[in-house]
Amino acid sequence: QVQLVESGGGLVQAGGSLRLSCVASGSFFSINAMGWYRQAPGKQRELVAAVSQGDSTNYVDSVKGRFTISRDNAKNTVYLQMNSLKPEDTAVYYCNAGVRWRAGYLEVWGQGTLVTVSS
């Protein structure tokens, strides 16, 4: 069993910062790409940022220049540093990872962490 556990969400005022963390645990060989998605009320889930195993990154246009994704492979952890937060960033943020384990390839999701940005 492979699990992702997120932390770091909360309530912050517009212009503030938060740092999300996501740790992978369980029995697996390696983690490929890792990413952060978000889903606001009444909207579809969208990819916010992703980082490859080789540290290549990509971002949705709305967060470029404000959010930074990074990973620590030794800790099986991915981070999302969110600066200059806006009310429209309010959403449940989900961690996602592609994992190679004994049964092959598995896409894993975290349980989500709520980020609320007040105006």
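Refer to the structure above for everything that follows.
Predicted model only: the values in this text are computed from it and were never measured.

Caption draft 1: Just the pairing of strand E4 (residues 30–39), in detail. Alignment of E4 against strand E9 (residues 91–101), held across eight bridges, turns out to be antiparallel. Within the sheet, the bridge partner assigned to Met34 lies in E9 and is Ala97. Relative to strand E5 (residues 46–51), E4 is paired through five bridges, and the arrangement is antiparallel. Along E5, the bridge assignment pairs Arg38 with Glu46. Between E4 and E5, which follow one another and run antiparallel, lie six residues, and Gly42 among them has a positive phi close to 75°.

Caption draft 2: The arrangement of the packing of aromatic side chains in detail. Per the counting criterion, the structure on display carries one aromatic pair. Sitting over the ring of Tyr79, Arg19 keeps its end group 4.0 Å from the ring centre. A cation over a ring is seen here: Arg45 above Tyr94, with NZ or CZ 3.8 Å from the ring centre.

Caption draft 3: Up close: the sheet that holds strand E3 (residues 18–26). Read across the open sheet, the four strands follow the order E1-E3-E8-E7; overall the sheet is antiparallel. The open sheet is flanked by strand E1 (2–7) and strand E7 (67–72), the only strands paired with a single partner. Direction aside, the axes of adjacent strands within the sheet are offset by 15° on average.

Rules and cut-offs
Residues numbered from 1 in each chain as written. Predicted model: local features only at pLDDT ≥ 70, side-chain atom pairs only at ≥ 80, totals over all residues. Heavy atoms only, no water. Pairing = 2+ DSSP bridges. Helix = DSSP H or I, 4+ residues; strand = E, 2+ residues; numbered from the N terminus. Phe/Tyr/Trp six-rings, centres within 6.5 Å; stacked < 30°, edge-to-face > 60°. Lys NZ or Arg CZ within 6 Å of the ring centre and 35° of its normal. Axes fitted to C-alpha atoms, helices over the stretch in contact; angles between N-to-C directions.

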